[in-house]
Each structure stands twice: as structure tokens, then as C-alpha cells.
There are 4 protein chains.
Amino acid sequence: METLKISIIGAGSGYTSEIIEEIVNQHEQLPIAEIKLYDINSERLEIIANFCKRYIKAHNSSITITIAKNLQQAVEDVSFIDVQIRVGGNQQRTLDEKIPLKYGMLGQETTGVGGMMKAFRTIPVMLEIARAVEKYNPDAWIVNYTNPTGLVAEAVTKYSKAKIAGLCSGGLFPKWWSKKALDVIEADVDYNYVGLNHMNFAYNLTVKGRPMTDEEFDKVLENSNHGDVSVELMKKLRLIPSPYLQYFFHRSKKIKMLQEKTTTRGEDILELESEIYSAYADESINEKPEALKKRGGGGYSEVAINVIKAIYSNQPYKIIVNVPNNGSISFLPKDAVVELPCLVNSYGITPLTVGTVPKQIWGLIAAVKNYEQLAVEAAVTGSVDLAEMALLAHPLVGDYEIIKPMLKEMLEANKQYLPQFKL
Amino acid sequence: METLKISIIGAGSGYTSEIIEEIVNQHEQLPIAEIKLYDINSERLEIIANFCKRYIKAHNSSITITIAKNLQQAVEDVSFIDVQIRVGGNQQRTLDEKIPLKYGMLGQETTGVGGMMKAFRTIPVMLEIARAVEKYNPDAWIVNYTNPTGLVAEAVTKYSKAKIAGLCSGGLFPKWWSKKALDVIEADVDYNYVGLNHMNFAYNLTVKGRPMTDEEFDKVLENSNHGDVSVELMKKLRLIPSPYLQYFFHRSKKIKMLQEKTTTRGEDILELESEIYSAYADESINEKPEALKKRGGGGYSEVAINVIKAIYSNQPYKIIVNVPNNGSISFLPKDAVVELPCLVNSYGITPLTVGTVPKQIWGLIAAVKNYEQLAVEAAVTGSVDLAEMALLAHPLVGDYEIIKPMLKEMLEANKQYLPQFKL
Amino acid sequence: METLKISIIGAGSGYTSEIIEEIVNQHEQLPIAEIKLYDINSERLEIIANFCKRYIKAHNSSITITIAKNLQQAVEDVSFIDVQIRVGGNQQRTLDEKIPLKYGMLGQETTGVGGMMKAFRTIPVMLEIARAVEKYNPDAWIVNYTNPTGLVAEAVTKYSKAKIAGLCSGGLFPKWWSKKALDVIEADVDYNYVGLNHMNFAYNLTVKGRPMTDEEFDKVLENSNHGDVSVELMKKLRLIPSPYLQYFFHRSKKIKMLQEKTTTRGEDILELESEIYSAYADESINEKPEALKKRGGGGYSEVAINVIKAIYSNQPYKIIVNVPNNGSISFLPKDAVVELPCLVNSYGITPLTVGTVPKQIWGLIAAVKNYEQLAVEAAVTGSVDLAEMALLAHPLVGDYEIIKPMLKEMLEANKQYLPQFKL
Amino acid sequence: METLKISIIGAGSGYTSEIIEEIVNQHEQLPIAEIKLYDINSERLEIIANFCKRYIKAHNSSITITIAKNLQQAVEDVSFIDVQIRVGGNQQRTLDEKIPLKYGMLGQETTGVGGMMKAFRTIPVMLEIARAVEKYNPDAWIVNYTNPTGLVAEAVTKYSKAKIAGLCSGGLFPKWWSKKALDVIEADVDYNYVGLNHMNFAYNLTVKGRPMTDEEFDKVLENSNHGDVSVELMKKLRLIPSPYLQYFFHRSKKIKMLQEKTTTRGEDILELESEIYSAYADESINEKPEALKKRGGGGYSEVAINVIKAIYSNQPYKIIVNVPNNGSISFLPKDAVVELPCLVNSYGITPLTVGTVPKQIWGLIAAVKNYEQLAVEAAVTGSVDLAEMALLAHPLVGDYEIIKPMLKEMLEANKQYLPQFKL
């Protein structure tokens, strides 16, 4: 009876092993029969596909690994399409990180200028995938963990009819931190949660159905990894922000720190990649390589498999997903994609209502959403003016003197990935 | 480890056996150690308590049945407080049914004039219970299936801080009908659902995650029990209304039917009650009496136990509950109680967003909610003027010539149960 | 410098003399040079045009009266296009009044079933005019007093880009009544005002900038002409409803009264018409005929000329107009046409915010607006199903048993005016 | 018949002469009989009062100038209370300008950190005035041009029942610039306008009722005085921002410019003040001193007198005022004070609906409003934590590392004016 098929687009990624591992582990609850792999980088695809086959064999699994030769094959005849692409690779990421720093602006993969450039490269490719899904397999779900996942989900839901679940593991962080700090299980912890991808806040935390005490809350904060968000500040806010808020609440310090580093995160990863792929290519290795841990990230596969389980089974799950707002956050448009707790089951993904958003942060969420909507429109239309407006609307940028030359340089540096812009 | 305790207020009701039966059946998932019974009718309470003890013994259950002597005892030291009271009993219900018919208006237990009078009698008592919960056991949940459950939940959430789940089995009807018509299991069926208690609509139905076909939808309608709602009309609406919509969409025919009946539903039940209590009092009987089936109703215990399981465990459930709107229905106030699909878990009860309400019925929902809000305010303040305004706002009444004398007679007939009105 | 030109569509109406009279009176503030007349009834058009010329001469006015030969001529080369048509004439109106009464339903020109049929006949013709304006004179304003003015304005704003001011004199009634009762001038009186055409309410009345006292308010009610709306009821509501609310708040009494009349209002007017046109045709008569007073109505010309003055001059006016809601009434769609106080000047017509709508009546307004939106969609698409849904949504109808045969008979009786319906 | 009385609080200000001048000029439309002057600086009050008397005599006016001895006298027995206070004077303003610059932050009178400190000093005094009005003269209107006028109006409307018109001349700027550029009169120009005080935007400009052409729009921009807002940027935005947007759109450049100046604006004015008051004290001078022009500002008296005329007469005016939102801007709370076009007459001040806010700037408006609401709450409660949250929410600040020491220094420097803060 195991007929569930899924495909992975961007399967040449080193993270593919994580999703395979999760699938094999959860085999009893999620009877996947076939995993189809697709990537435009055929060399990496082959390495990873071979690894996956070895892994599956080593774990006595009966899952079939197949290769899709083109996008149509990649999307058809499956129930779920995982997408984990990186348009322009870590080479372009490095430019996203470096160029803004020259202008005194944040250089970061998903937040600010760098994130916008990543969106410009990624959205046209994602829309191509979405249109293939619309055409060849309209009932399938795109399970996306390509960043910037919020902007990608907004573009796909606004400009196509494909169904998409925009994922991020960030919604689980307060659970992970509470588990560690309070010695409970994840399911014992719950909270309100509101915002956008990488611009979100958990609050009103409960343990086993009762409100977390002040002592517990402080303990959670002290045992968490918030990047550089000040614990003192979080205690005052009585909110748990996404670690990405470090780039907002400590903006000048973070820019200085990044400027002082000799290599960017992207460059570090480029270094690691050869090590990682060597490991995958080694036919004697059947397990996730150690180097992957240094790579960081991760956690997405847990969320992705939960979403697939919830939709496939008829079991309701509460999962934080990037979805159209649908009225949940009253001050944002109904079609704006937001990151909210959702009920996921075979019916689809429905956001829960959030009621009143905490008074400390609603304006910041609105400002960043405004940026995002302009950035998505710029990404789709290729309008330089709109790209300028997007950065003008971004609370961390906003400065026309800087925007003009910086954007020009960024667009130039990404030229080959931006056919929509007439440069 | 079985430490969960619940209490039942109004435990003298014949329905108590249903909840006991459900608890015993579900014992493995819901380890209830003690059920505390409370009623102001001590004679019936004794009969039912004795029956419960026999039933539990006969089913080899270790649950303890205890008796609360006053409201404080009834609410303290338990996690859930089921409330199933009928203020004024079926005697007063009979008047709710009969008096409006004399004026050419619908005489019915929960809809229209009769429902408002039931609310007037019930709300002060419910608020007394809610205040006892606030005082003696603020963490406990009231699980209410006292009608009119929507108005009761609105009164309790607006005028107290007690936690309340306002239940009705109506949200399950489209599942039940689909199961029967399409030969699937309940969990295979899902839908959007919007409205108020007894004024609600299911739409966009799915089977196993895919949209129901027109043929399947029609089959469901033809196999359902919608009272007298026309199947032809439902096909045109492409919605499944609550059976109570028969009193709206077929208003004159229904009034005529009720006027032609020789006895009202309340009178029929008064007849049945002696038979039912005789059965309960018979010490040789350990099972739910047959007469209870004739009594009708039922189904509440399934919803009630699901709510308790969801809150007690950390398993998320999707359950249709009467809760404050919280922004889900954009054209209703945030604090208006509405009947919506909710995610229920130990965190509490959070309504899902509904997005755009079908164009055929949003105005009707608004009109009835307006009536409900005025009725609740009248019930709490005892203002005759507000009671008149409430009926003026009700789409089935609205006629000042009739409202004045009819309301006067109704208030007079309920005088002893309406201390809040200075009559 | 007198270059302002206006045209009147439906100029064969007996009311044309009123607008001419108002224009002549206000000549100093509103320098109209030419009035173009158009009607499909050429006989009546000639009678009225000749009368207008005599009237203008008798009043020493230099305004030129011209005749448009077709719709293009009627709409081009003018700044304002007054529209006052009656599709099907008073003959069809009589059927709108009579048929519903046979089914125990209200028979009335603008409210309920009759109003919907009038909308079905009128909207296609109004859209034809609007499209001519879009094509030949997109900067011109349509100044409409064709009923049902709210539905007409909703259809024109939703289905064309023509600019339209949907007028009714009803917004002035509380001023007129206060003036009479309190012996003040109209400009001394002001109020909040909310709702739809013929479904609206004035409240928070002020005299000379201070709140009206209870005594004054009661005096206003007692000196008003509210049809049969109970003064006692209005005192309780602390609102001044449109007189058309008599058909809601006193529904059964009003139907009985109409059923007992031997002739309908439409029939009475048909009688009067020959008298009125004889008077207009009499070359010795240069003044508005006495018979017109018996015809009733009137007052529109004051509102129409105020709107034209406000748009033409740069003087801001506060005028109650039927316009897209634009967020003023939070529980109605932004594009729903509502009747609200607006600021009118050369910039256009902008509704004022209304804030919280009185708790007594928001649901009724929502219910009627829902009916209106379905009725407009039915009028444009010619869908019988939508027409049934519209009546099902109407608080005064709502009864499927009655809707089906009544609608069938109404559509049949209007067949020649309803090309959009495939009957 | 000249019975209108007004009072001026903060009458020792050099601007008092402007309002007197305007009143004398407009005497025919606005028959003011008495102007009552009040100030806590009795020396300046005497100088100004004497000047006013000389001025009135020189212009053959019969207005009586009187002196109020305390707040009660200042507010009672008048119809309008103009308030133009500067708590802490230009001495404290200088600190508002200087301290933030030390931290690399904008030092400015109303925008950013400086504006918040001004609000902290001003709001308690304004609430004292508002409470005196509530007590001694609840029907009177406060006509406020004390900055930050938006925060002041929000505090007064939220924390008192006094009626307040929060004024700024900024709403007239696009009229003034269009007049100059296009050689038309002010009344020929109109526009949509949305936002907050000093954070607002005009768009959809019309001349004589028709849309402004691109050429005209560009001409208006080129002839305006926008501080340093780039004309090129405004052309791209197709919006006319408040000149204060220079501090947002050109943030780093403006801070650099201010840091490079040897004296702040406040210091320049302190210099000018002695010159101005010497002039006023000179008994031979009966006209506004020349030095006042160098002082800048101005224009408020035109708006103030228009508001008074509109409320006093029954003539409707369209005036841009800071008022509670009332639903006009859908993404802001109903009680948030916003700067919007309003209809002003004796009924009061009602904002017009604005519909959809331009996509370029809604997020920025939301972010600044969020800051404002937190700042007002901090000003009233004296909470340092809330003050930190307010600056964290401000798009120009947001940096916790800087906020903490900077706020500490600012609070310390204003200690004597901040009794509400326990420092």
C-alpha cells in the first residue's frame, strides 16, 4: 500500500541527506515508496543520488530513488515537491553579503539588501517551477524551504495557482529552547506566534497548558541561542524574537562585526562544500557526513516531514508556516504572506487567528512586510524603481543616497541571474 | 497516574448517562479518576448518581462518582466542569414554544423569541457558575452544552474571566452525512465552516483531501437530515446549512406546521421524562434506557470528550466551537462569539481564519449576530427596551407591533426566572 | 463667462421643471449656459422642452435649451449628466406593487421585491448610459436620481468607470424636520448618518454645534413625517430612521394596509400623469403645474444642484450621497455603495468616516446590503438563481416557498424589459 | 453681536502677534470680541499683551485683550483655547538637538529622539490643561499648535474628554507650492493626503478638478521647498512627502549635516529671541517685528483661524487636522491620532475616508505610528522601559546598544521637566 511519491528539486544540495534520513526514520507513519531527485547541476545530483541509494540500502529501506531529467518529470506523478534551490549558489551569496557592507549596510543572506537580491534571483525560477506544477500536477503541494521563504511563498501564491507550503524551522526554536531549559518535551510547550519569516515573535508561552512563570521564561531566554539579541532586552519585551532580529535591535554592532570578519558566511560554506561533496562521493560512506554539521542550518526536514504527514494523513498538526494572511493579522493585507501557526491536515493549511499583535512590534512587522511586497513586485516585474522603493521602505536601509549606488552595483553583480531586469 | 477529575453541573439530566458512557469507552485515552455530580434538583441527582455508579460497576471501571453539595464544591478541585442545565425545565420551554405561535411567530427552543427567553433565564445562572469558577478554580475549563450555547458563551466571555468551550454537535453533521452518503470515515471529510450556533454553513467540502464532486455533494444533501431545508435550495446555494436554517428559509411553512401540531416538542419531552427517570431509578438497569433515544439530541458527549482530550493531552484537535471571533470573520466584532473550526490543545481554543464568507449568507449571519449581542446585553442588564431592540434586529421577528405585546407576555410568563428584569 | 453645460436624460419626466426652476433660481452661483434634453419618449420630450423654453423666457433667463437626438449627443460636450429615467414607466411600477402583495409580501417601488424588479429593468439601461459616458465624455459626472439609486450607483461603479453621484433627498429629512420643529435654519442642524439608500439612520443630532436635548429630539420626531414609523419606537432607538423603515419595523401592518388599498401608488400616479402633461402642453402656462405637487417626491433638485455647485465651484459641501464605502463602514466591503455624508468639491465625492455604527441597527444594514449586492449581480448577469439568493438574503422576504413562484411571475411580467434574463 | 471669546495659552510666545494679525484681518467673517492671554512666564506675557493692545488700537479694532491669572481663568468662559506652549523653552530644545547627535542619531525638534523628549516634557502639561477644560469648560475646543502636535493630540484624546484640534500648517504646503508653480489660487488645488504629523504624503493632485499632468506635477516639485528631499526621488514616488521625510529618506546625509553645523536651530532661535522681544517691548512698534520672519515657522495662524471659523460658522471647511483615525486608515487602530483631511464645521471634526494608502509608504507610516503610541504611553506613565520600546520601534533609531545610554542621558538632562519619570 506504499504509494506515496515525492520529488526533491535542488536535490544536489548537501541537505538532501537530512530529508532522506528523516523519511527513513519516519517510515512507519509516512509510507513513501519513491523519491524522485532533480537538479540542474548534474554532477552534484549524481553524487547525492548515489549516496541516497547507499543510505537506503544500509538502512534496509525499500524506497526507490529515481532521477528526473527535466522539470516536467520532476513535478509530475508525485504528491509533494520539495524545493531547496539556491540560484547562483554560494558564489552569489557571497556578493549579497559583501557589497552592502561596503556601503555601511547589513550584508546578510535573507535580511535586508542581500535577502532582496536573493529573492530577485530566486523568484523567477520558483515561478517557473510553480507554473510547471500548475500545468502538469495541479493537485501536488510544493514544500518549499528555499530562502527567502516568505518572499518566495508570496510570489508563488500571488502569481500562480500552485499550492505551496513556505517553511522555516524558526517557528520551532522557542520549543527547542524551552525543552532544553525546562527539561520538558517539545509537545509540552506552546505559544502565540506572529510575524513574517525571520521577523517573528513568540509570546504567551505555556508549559503543559499553564502560563510559563517569569522565572521559567527568563531561564528559556538564558538557554537559547538568539545570535546577539540581548537577553536583557528580551526580558523587557517579554517576547521571544527570531534570532534575525539581532540585525534590527543591534544594527550598528552587527554591521561592525560583519565588517570585521575576514570571510563571510558564504565564503566559509564555499570552503566546506568541497569537503562535504568529497564525503558524499566516497562510496564507503553511508551516513550523513560530519562536515554537514559545521554547515549548520538544518531542522527544516523535521518541519517538512511534519507538513507532509499532516497533509497525507488526516491527522491535524499545528505547524508554523508561511501562508497568505487570510485576515489573521488585521493590519496586513489578506493576501500578504505571513508566518503563522497553522492547522495543517489533508484539507490544506489554514492559519489560526492571532488577535491583537503585541504593541511593541506591530509597526516593525508592517514596515518589513511593506518592503517585502515591493520587493516581490520588483522581482516579478524587473522594475529598478520598485527595487529602490523596496529598499526605501526597509527599516534597515531607507536611505536614498545609499540605495541608488548600492542597488546599481548589486544588480550589475547579479546580471546573469536577473533576466527580468533590463540592465 | 489517573488524576484527572471533572464535574457535571446539571447532572440530574437524563443525558448524564451519555457522557458517562463516552468517558468509560474512552478510558484509555482519557484517564478520568473522578466524576463529581451536581444539581439543584436533588431527587433527580440521586437517581442519576445511583445509575452512574451501577453503570461504572457493570463496566468494571474504577472511576469514582461523588456528589457536590453546593456550587463551590461543584467547581473546585477539577480540571473540567461540564454544564448542561435547563433553567425552568421543559415546563418553561413549552411556553417558549407556545406563546410566539399565538402571535404568528416561530415558537422554538433556540431560534427566535423562544431562544431569547431561554437565554434570559439561563445567562444569569451561567454567570453565577462562571463567577464561582473565577473565584474557586480559575484554571478550570467550563465545557458547556447548555443552550443557547452561542449566547451563553458570549455572556460568559464578555462578563467573566472564566474559560469556556461553547459546544454543539451541529458542526459534525456534514461529516456524519458525508460518511453515510459516501461510505467513508469521518476523518476523510473536511470543510470550511462559518457562522453562529444554529446559524452556520459548511462549504468547500473535501473527501480525503480532494474537493468533493458535484455528484458527491448532491448525494450528501440527499442523504442528510436537514429538517425541512429544501435539497433543491441547498444545491443552488452550494452550501450545507445548519438544519435550523429551515426556520429561516421556510419560515411561513414551518410556523404553520408548528401551529398545526397538537403538542410541542417540550410537551412531548415532558411526557417522556417520567418514563426515562423511571428507567434510571430501576436498580436492575445498568444501561442507557431505550426511552432516551426517543428523547433525541445527543452527540454532544462526543464533542465534549474530544475537547477535554485535546486540552488534557497535547494532541491538537480541529473542533468546531463557539468562541470569541478574534478577527476570523472580518465583518463581526472581535469579541463576538461565533461558531468556527478551532484548533484545540492544551494551549486553549484558537479559531482558524475563515477568509471570505460566502456571498449568499454573510448578511444573514450579521443580522442574527446583531440580535444575539443585544439579547445578551438585555439578559445581563434586564432592560426591556434592549429586549425589544433585540427582537427588532432579528430577521424572523422585526415587527414592533408584534414585539411589544408578545415580549410582555413572555416576560410575564417567565417572571420567577428573571430577577434581573424589574417586572 | 457662462460656459457650463448640463444634460438631462429622461427629460420627458414631469420633474424636469423642478430642476429647471432650481437652475434658474440659483443662476448667480451656478452659471449654466445650456441645458440639453434627452428622452426616448419623443412626444413627452417635446412637451417638456417647449415648457422649459417658455419658463426660461418668462424668467428672463438666457439659458439655451437644446435637444439631443441620441445617447451620444446626450452625454457629450457637457459637464454634468442628470439621469432621471423610469424604465417601463408607471405601468411596470404598478406590477411591482401588486404582484408581491398577492404572495403576502411587500409591494413597493424601491423596497423589497418591487425594488429588485425595478433594479433589474433599470440597471442595464444605466450601464448603457455609463458606457456612453466612458466612451464620449469620461470627465463628466452622472448625477443620478433614478431609483433604486443605491443599487444603480453600485452597478455603475462596479461595472463601469463612469463617475456617478447617486442622490436621494432622504438625507435632508432630519434637517427639514428639525427646522420645522425647532424653528432654526437647516444649516444649524447636523448629525451622524449611516446606512444605505432607504435604509439609513441619523443620530447624534446637534443644533448650532451643541447636542440636541432629549426634549428637542422628541419634538423633532413628533413633527416629522415618518410614514408609519412609531414615534415611541424612535424615542427608544434614539435614532431617526428613513421613513422606508416603516416597511421593516411595521412589516405586517404595512402589508395589510397596502393590501386593503383599492389602487396602488403607481396607479394613482398614472391617473395624475395625463393631468400633468396636459398642463405642461398648455402654451399659456409658464409655471410648474399644480398637479405636480400631488405627484409628490421632489426635493431631489436641491440635492442635485448642490452636488453640481460643489463640484463646479471649489466650495466644499457636506452632502449625503450614495458612494462606494471606501472603508467608512468597517463591516461592509470597501466597494459596496452606501449612503453617507460626503465632502463634495471639485476633487470629487469623498465619504466621511462614520466610526462605530449604532448597536441597534448594524445587522439590518448588513443584511440589506447583502441583498443589494446579490440583486445587482443578478441584474447584470441575468441569473435567476442569483435573483432567488438575493430575495433569500432580504430580511423582509427570505422564504424559499414564496420566492420561487413570486419571482417567476415577476420575471414573466417584466419579460420585455429584461433582455439579460433568458426567460 | 460680537460675543465670540477665545484664549491663548502660551501667549508670551512671539507668535501671538501672528494670530492677532489674522484675527484682525478676518474680523468680518469671525467676530471675536475678546482675546484672553495666559502664560506662566509673566514677563513675556506682559510684553506681548502690551504689544497686542497697541496693535489692535493701531488697526482700529474693538477687540478686548484681557489677562488670565491662572489656568482656570485661562480656560473658562471662552469658545476656543489656542495652545502654543514650549515646555522647557528653546534651552531644552537645544539639548534635544545636541544629545542624539553625539550618539550618531538625528537631533531634531519633532522627529526621532528629540521629538520624543519634547513629547515627554509637553504631554503632562497638556493633560493638565485638558483636565482644566474638562472641568471648567467642557464644550470649548482646544486648538493646539504645540509640537509634537500628533503625539499631543493622541495623548489628549486618549487620556481626557476635552475636544482638541491638533494643527499643523504642513497640510497646506502642496497647495502653496502648486499655487506658486502653476500660477493658480490655493482653492484650485486639491489632493489625497495621508499619514501622521510630519510623516505624511499628498498624492492624486488635481488642479481645478482635473488630474495634474506629469509636467505640472514635476513643476510643483521643482518649485517646492522640501528641505533636502530629492526631487528625483519624489518623481519616482509620485507622492509629495512632508519635508520632514528628508530625515528618513536621506538619514545619514542629514545627520552629517547637522553634526557639521556649529549651532543648532534651537541655539539660533535663542539668539533671535532677545531681538524679537526687544522689538515687541518697544512701545513705538505696532507691527509684527521683522525679526520674527527670521524665526520661521508660521502659517499655523491661517489653519487655526480656519478651524475656528469652520466650527463657529456653519460653513463646512476641508482642513487637514490631527484626529483619531476613526477607521479611515484601515491598518491603524481606530483611536490612533493621524493627520488627515477632515470636514470641519460646527458639528466637529470628521476625517474623510482615504481608501487604499499608496503602496510605497504604508509600512513606514505604521512603524512611526507604533513608535508614537509607545511614546505617548511612556510620556503618561513615566516608564523608562516603554521609552526604550518606543525608540526601538522608531525606524530611525531601533538600536538597543545606542538607545540605552542615549535615553539615560536625555532623561537626566530633562529631569526637572519629567516628574512622571522616577529618575
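The paragraphs below set out a description of the structure included in this document.

Thresholds, definitions, all that
For every chain, the first residue of the written sequence is number 1, and numbering continues from 1 along that sequence. Here the convention is simple: chains get letters from A, ligands get numbers from 1, in the order in which they are written. In view of the model being predicted, local features appear only for residues whose pLDDT reaches at least 70, and side-chain atom pairs are presented and counted only at 80 or more, with totals across whole chains, interfaces and linings using the full set of residues. Only heavy atoms go into the side-chain values, all of them from the structure, while hydrogens and water stay out. Numbering of helices and strands runs from the N terminus, with a helix taken as a DSSP run of H or I at least four residues long and a strand as a DSSP run of E at least two residues long. Just to be clear, the radius of gyration here is over C-alpha atoms, and the globule rule we use is 2.2 Å times residues to the power 0.38. Exposed residues in this analysis have more than 50% of their type's maximum accessible area, buried residues have under 20%, and partly exposed residues fall in between, with area computed by a 1.4 Å probe over protein chains only. Here, two residues are considered to be in contact whenever any of their heavy atoms come within 4.5 Å of each other. Each accessible area is a Shrake-Rupley result for a 1.4 Å probe, and residues are judged covered by the shown protein chains and nothing else. Positive: Lys, Arg. Negative: Asp, Glu. His and the chain ends are not part of the count. Just so you know, the charge point we use is NZ for Lys, CZ for Arg, CG for Asp and CD for Glu. Salt bridge, as applied in this entry: a Lys or Arg side-chain nitrogen positioned within 4 Å of an Asp or Glu carboxyl oxygen. By buried area we mean the combined loss of accessible area, with a 1.4 Å probe, across both parts when two parts are placed together. Superposition of the copies used a least-squares fit over C-alpha atoms from residues whose pLDDT is at least 70 in both. Expected helix span is given by 1.5 Å per residue-to-residue step, counting one fewer step than there are residues. Interaxial angle, 0 to 180 degrees, is taken between N-to-C directions of lines fitted to C-alpha atoms, where a helix line uses only the stretch in contact. Roughly parallel covers angles under 35 degrees, roughly antiparallel covers those over 145, roughly perpendicular covers 65 to 115, and oblique covers all other angles. Each residue gets one label: Ala, Val, Leu, Ile, Met, Phe, Trp, Tyr, Cys and Pro are nonpolar, Asp, Glu, Lys and Arg are charged, and the others, such as Gly, are polar.

What follows deals with the overall build of chain A. Across its full length, chain A holds 17 helices and 13 strands. Its C-alpha radius of gyration of 21 Å places chain A within 12% of the 22 Å reference for a compact globule of 423 residues. With respect to the three principal axes, the spread of C-alpha positions in chain A is 55 × 55 × 40 Å. Classification of the 423 residues of chain A by burial places 65% in the buried group. Long-range contacts, defined as pairs at least 24 residues apart, comprise 69% of the intrachain contacts of chain A with a sequence gap of at least 6. When the accessible surface of chain A is split by element, carbon and sulfur atoms take 49% of a total near 15,300 Å². Here chain A holds 46 positive side-chain charges and 51 negative ones, and the gap between their average locations is 2 Å.

Following the criterion strictly, the structure yields 98 salt bridges over all chains and no others. Linking Glu-21 of chain C and Lys-288 of chain C is a salt bridge whose minimum nitrogen-to-oxygen distance equals 3.0 Å. Here Glu-21 of chain C, found in helix α1 (residues 16–25), pairs with Lys-288 of chain C, found in the loop between α12 (265–281) and α13 (291–295); they are 267 residues apart in sequence, far enough to count as distant. Residue Glu-21 of chain C is classed as partly exposed on the basis of its relative accessible area of 22%. By relative accessible area, Lys-288 of chain C is classed as partly exposed at 28%. Residue Glu-109 of chain D pairs with Arg-86 of chain D through a salt bridge whose shortest N-O separation is 2.9 Å.

Across the boundary between the two partners, chain A contributes 41 residues, which contact 41 residues of chain D. Between chain A and chain D, roughly 3,200 Å² of surface is buried when both sides are summed, and carbon and sulfur atoms account for 54% of that area. Of all residues in chain A, the largest losses of buried area upon contact with chain D belong to Lys-236, Trp-362 and Tyr-400 of chain A, amounting jointly to 19% of the total for that side. For the pair chain A and chain D, the number of links is 8 salt bridges. In this structure, Glu-377 of chain D and Lys-359 of chain A form a salt bridge, with 2.9 Å as the shortest nitrogen-oxygen distance.

On to the relation of the copies chain C and chain D. With an RMSD of 0.0 Å, the operation that places chain C on chain D is a rotation of 180° combined with a shift of 0.0 Å along the axis. Taken together, the rotation angle and the small translation identify this as a two-fold axis. Across chain C, the rotation axis passes nearest the C-alpha of Leu-352 of chain C, at a separation of 2.0 Å. Counting the interface residues of chain C, we find that 100% of their copies in chain D are interface residues as well, pointing to one common contact surface.

What follows covers the interface of chain C and chain D. Listed per partner, the contact involves 32 residues of chain C and 32 residues of chain D. Taken together, both faces of the contact between chain C and chain D bury some 2,400 Å²; the carbon and sulfur share is 50%. Contact with chain D buries area across many residues of chain C, yet Leu-343, Tyr-347 and Thr-353 of chain C alone supply 28% of it, more than any other trio. The interface formed by chain C and chain D holds 0 salt bridges in total. Looking at the side of chain C that touches chain D, the elements that each hand over two or more residues are β7 (189–196), β8 (199–207), β11 (317–324), β12 (337–345) and β13 (348–351) of chain C.

Under the fitted operation, chain A is carried onto chain D by 0.0 Å of movement along the axis and a turn of 180°, and the coordinates agree to an RMSD of 0.0 Å. Mapped onto chain D, 100% of the interface residues of chain A are again interface residues, and the two copies thus contact each other with one and the same surface.

This part is about the environment of Gly-327 of chain D. Here Gly-327 of chain D lies in the loop between β11 (317–324) and β12 (337–345). Its relative accessible area of 17% is what places Gly-327 of chain D among the buried residues. Separated by 54 residues in sequence, Gly-327 of chain D and Glu-273 of chain D have C-alpha atoms that sit 42 Å apart. Excluding anything up to four places from it in sequence, Gly-327 of chain D contacts Gly-327 and Thr-353 of chain C together with Lys-334 of chain D.

Here we come to helix α2 (residues 42–58) of chain A. All names here are of chain A. A rise of 1.5 Å per residue sets the reference length of α2, with its 17 residues, at 24 Å; its end C-alpha atoms lie 24 Å apart and thus fit the reference within 8%. If you check which residues of α2 are buried, you get Leu-45, Ile-48, Ala-49, Phe-51, Cys-52, Arg-54, Tyr-55 and Ile-56. The inward-facing, buried residues of α2 abut α1 (16–25), β2 (32–38), β3 (64–67) and α12 (265–281). In the stretch just after α2, Asn-60 is the one whose phi turns positive, near 55°.

Axis angle and axis distance: for two packed helices, these are the angle between their axes and the distance between the axes, and together they describe the pair. Residues and elements named next belong to chain B. Where helix α7 (residues 173–182) contacts helix α8 (residues 214–222), the two axes come as close as 8 Å, and the packing angle between them is 110°. Classified by the interaxial angle, the pair formed by α7 and α8 is roughly perpendicular. Facing α7, whose interface residues are Trp-177, Ser-178, Ala-181 and Leu-182, α8 presents Glu-216, Lys-219 and Val-220. Of the residues belonging to the contact of α7 with α8, the class tally is 4 nonpolar, 1 polar and 2 charged.

Now for unusual backbone geometry. The omega angle of the peptide bond from Asn-147 of chain A to Pro-148 of chain A is -5°, so this bond is cis rather than trans. Mapped onto the elements, Pro-148 of chain A comes out in the loop between β5 (141–144) and α6 (149–159). Its identity is not glycine, yet His-198 of chain C carries a phi of approximately 60°, on the positive side. Structurally, the position occupied by His-198 of chain C is in the loop between β7 and β8.

This part takes up the arrangement of the chains. Note that chain A does not reach chain C: the shortest distance linking a C-alpha of one to a C-alpha of the other is 12 Å. Spatially, chain B and chain D are disjoint, and the shortest separation between their C-alpha atoms is 12 Å.

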